[in-house]
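A structural walkthrough
Next come the chains, spelled out residue by residue.
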Amino acid sequence: MDFTQSQLRILEMIKNKNKISRKRIAEELELTPAAITKSIEPLLQCGIVLEVSQRESTGGRRAIDLSLNKYWVGKILGISLTPTSLVISVGNVAGEIVKTKSYKISEDKELIDYLETIIEKELEEEKGIKVISMAITGLINSEKGVIIFSPHYKRKKIDIRDRIEKRFNLPTLIENDVRAMALTEKYFGGAQDSENYVVLNVSEGIGSSIFVNGNLLSGHGFISGEIGHVVMDRSSLRRCSCGKRGCLEAEASNKAIINRLVSMIKLNNYSSLKEKLNTKGTIGILDVLQGVKERDFLSTKVSTEAMVIIAHSIDMIISLINPEKIILVGELFKENLLLNTLKLELQKVTLEEQKYDLIVSNMLDEMHTYNPISVVRHNLFKKNMWRDEV
């Protein structure tokens, strides 16, 4: 069906609020109850919207909440491409996940061919998939479904949506991974009641996403939020994945912390991680955080210095956007010493008048599972595919 403008506004509100009464919709949209009823009735008849649990009466007739029909779109095959892995999830727009698994990305396999192999396998195993949704690290044109540039995969200008849709004959959505994180926080995480917030993700790379006045900001050319490639130290010799030197990502990402710590250990600086490095040949960010927890001097020094740099990047965000919330995503922020270092440094560099909430995401362990699901939910009433194909 084709939606009227009133119906689109109502559907957006129901989508964002999860459950909401007709009366509340009428108040927020400044429409009459009769107009709301007229717009909602066709949505109920075609099954897009459902009447759900009645609220407790405050005197008079009980209000019935409206909610999206989680089965309207059907099953979603979600795919999150991180720098090192491919995370699969199957679920619906309500965030009910029925399956999740992870595949390691191998450098000796062509990425898109490997991706198609995994999708084919999952479609054979899981019947009833109606939509494919992908969250991918890098510069992503979500409107055209194109990978503009993904430095971690060393790929440019790939029309991935067109290729996947032609191969599997299913509507497909593509989004940048950190923009998808902002949507996950909006629908399932710590930003459900916020209209202005920023997500800062620190992992193998560093990226941010911006949600302003109720809208996800993509920017000109779909490359907003690339704070990881802002040069923080012009004298640095550390090369970033983008090719520049001294970027935030090259100075303070998980990978940067590990590389610096390994280099210092190899220069014969003492660390409790030295034996592990010699035995395994490598260390991971969880090893570094364990070193911080045990107050290993070198692990603590490198990690806290990275936190100071991250604090200065957050100061830039606050000064430019002044968001209501800054949501931190990353293993580093789980360690209290490092989080307190970040907060103390922010207090030094921000103005007293700049009010913001700094919170650590509670979705970290499930972020890659929910990201593709959130992308579908965000686009439910923005694209013609939902009317013509699903």
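Residues numbered from 1 in each chain as written. Predicted model: local features only at pLDDT ≥ 70, side-chain atom pairs only at ≥ 80, totals over all residues. Heavy atoms only, no water.

A few points about the nonpolar core
Within the largest apolar cluster, 47 residues are counted, with the highest numbers of intra-cluster contacts made by L11, I14, I25, V49 and F381. The biggest single contributor to this core is helix 6 (residues 177–187), with 6 residues. The residues touching L11, leaving out its near neighbours within four places in the chain, are F3, L43, I48, V49, L68 and F381. With 39 residues, the next largest nonpolar core counts I206, I258, L332 and L339 among its residues. (Core = buried A, V, L, I, M, F, W, Y, C linked by side-chain atoms within 4.5 Å. Buried < 20%, exposed > 50% of the residue type's maximum accessible area, 1.4 Å probe, protein only. Helix = DSSP H or I, 4+ residues; strand = E, 2+ residues; numbered from the N terminus. Contact = heavy atoms within 4.5 Å.)

Here's the deal with the packing of aromatic side chains
Summed over the entire model, instances satisfying the criterion amount to 4 aromatic pairs. A ring pair is formed by W72 and F381, whose centres lie 6.0 Å apart and whose planes are at 20°; its orientation type is stacked. Here the residue W72 occupies a position in the loop between strand 3 (64–68) and strand 4 (75–81), and F381 occupies one in the loop between helix 13 (367–378) and helix 14 (385–388), the gap between them amounting to 309 residues. By relative accessible area, W72 is classed as partly exposed at 22%. Taking the relative accessible area as the measure of exposure, F381 reaches 5% and is therefore buried. An aromatic cluster of three or more residues is present, and its members are F3, W72 and F381. (Phe/Tyr/Trp six-rings, centres within 6.5 Å; stacked < 30°, edge-to-face > 60°.)

Description of the pattern of salt bridges
Scanning the entire structure with this criterion turns up 26 salt bridges. For the salt bridge of R260 with E305, the shortest nitrogen-to-oxygen distance reads 2.4 Å. Here R260 is found in helix 8 (residues 254–266), whereas its partner E305 is found in helix 11 (residues 297–321), with 45 residues between them in sequence. Here R260 falls in the partly exposed class, since its relative accessible area comes to 24%. By relative accessible area, E305 is classed as partly exposed at 27%. Among the charged side chains, a network of salt bridges with common partners joins K99, K101, K121, E122 and E125. (Salt bridge = Lys/Arg side-chain N within 4 Å of Asp/Glu carboxyl O.)

A word on the domain arrangement of the chain
Segmentation of the chain into domains returns domain 1 (5–68), domain 2 (75–183 + 367–379) and domain 3 (192–361). Measuring from the centre of the C-alpha atoms in domain 1 to the corresponding centre in domain 2 gives 32 Å. (Domains from an automatic or database assignment.)

Here's the deal with the sheet that holds strand 12 (residues 197–202)
Paired through backbone hydrogen bonds, the strands of a sheet run either parallel or antiparallel to each other. Taken in spatial order, the 5 strands make up an open sheet running 14-13-12-15-16, and their pairing is mixed. Both outer strands of the open sheet, strand 14 (215–217) and strand 16 (357–360), are each paired with one neighbouring strand and no more. On average, adjacent strands in this sheet sit at an angle of 20° to one another, irrespective of strand direction. Summarising the sheet, strand 12 and strand 15 (residues 325–329) pair through 5 bridges and their orientation is parallel. The partner of L200 across the bridge, within strand 15, is L328. Taken strand by strand, helix 6 contacts strand 12, strand 13 (206–212), strand 14 and strand 15, and its axis lies near 125° from that of strand 12. (Pairing = 2+ DSSP bridges. Axes fitted to C-alpha atoms, helices over the stretch in contact; angles between N-to-C directions.)

What to know about the sheet that holds strand 8 (residues 139–141)
Pairing is antiparallel in the open sheet, where 3 strands are placed in the order 8-9-10. At either end of the open sheet lies a strand with only one pairing partner, and these are strand 8 and strand 10 (155–158). The mean inter-strand angle of the sheet, taken between neighbouring strand axes irrespective of direction, is 15°. Both strand 9 (residues 146–150) and strand 10 contribute to a ladder of 3 bridges, which runs antiparallel. Pairing of I147 across the sheet is with I158, part of strand 10.

Observations regarding the confidence of the model for the chain
Residues of the chain with pLDDT of at least 70 account for 94%, and the chain-wide mean is 90. Across the chain, the secondary-structure element scoring lowest on mean pLDDT is helix 14, at 56, and the one scoring highest is strand 15, at 97. (pLDDT = per-residue confidence, 0-100.)

Topic: the packing of helix 4 (residues 111–125) against helix 5 (residues 160–168)
For the pair helix 4 and helix 5, interaxial distance at closest approach is 11 Å and the crossing angle is 40°. When the axis of helix 4 is compared with that of helix 5, the two are oblique. By crossing handedness, the relation of helix 4 to helix 5 is classed as right-handed. Every residue of helix 5 that contacts helix 4 at I112, D113, L115, E116, I119, E120 and L123 is listed here: I160, R163, I164, R167 and F168. Classifying every residue of the contact of helix 4 with helix 5 gives 7 nonpolar, no polar and 5 charged. (Parallel < 35°, antiparallel > 145°, perpendicular 65-115°, else oblique. Left-handed = near helix turned anticlockwise from the far one by under 90°. Nonpolar A, V, L, I, M, F, W, Y, C, P; charged D, E, K, R; others polar.)

As for helix 13
Given 3.6 residues per turn, any residue in an α-helix points the same way as the ones three and four places further on. In a regular helix each residue adds 1.5 Å, so 12 residues correspond to 16 Å; helix 13 covers 16 Å between its end C-alpha atoms and thus fits that length. Looking at helix 13, one finds that the buried residues are M367, T369, Y370, N371, P372, I373, S374, V375, V376, R377 and H378. (Expected span 1.5 Å × (residues − 1).)

Comments concerning the state of the cysteines
Defined simply, a disulfide is a covalent bond joining two cysteines at their sulfur atoms. A full pass over the atoms with the stated rule returns 0 disulfides. Sulfur of C240: no disulfide; nearest cysteine sulfur belongs to C242 and is 3.7 Å away. According to the relative accessible area criterion, C240 is buried, its value standing at 6%. Classification of C242 by relative accessible area gives partly exposed; the value is 26%. (Disulfide = S-S within 2.5 Å.)

Thoughts on the packing of helix 6 against helix 13
Running from N to C, helix 6 and helix 13 cross one another at 80°; their axes reach a closest spacing of 8 Å. Taken together, the axes of helix 6 and helix 13 lie roughly perpendicular to each other. Only M367, H368, Y370, N371, S374, V375, R377 and H378 of helix 13 make contact with helix 6, whose side of the interface consists of D177, A180, M181, L183, T184, E185 and Y187. Residues belonging to the contact of helix 6 with helix 13 are distributed by class as follows: 7 nonpolar, 5 polar and 3 charged.

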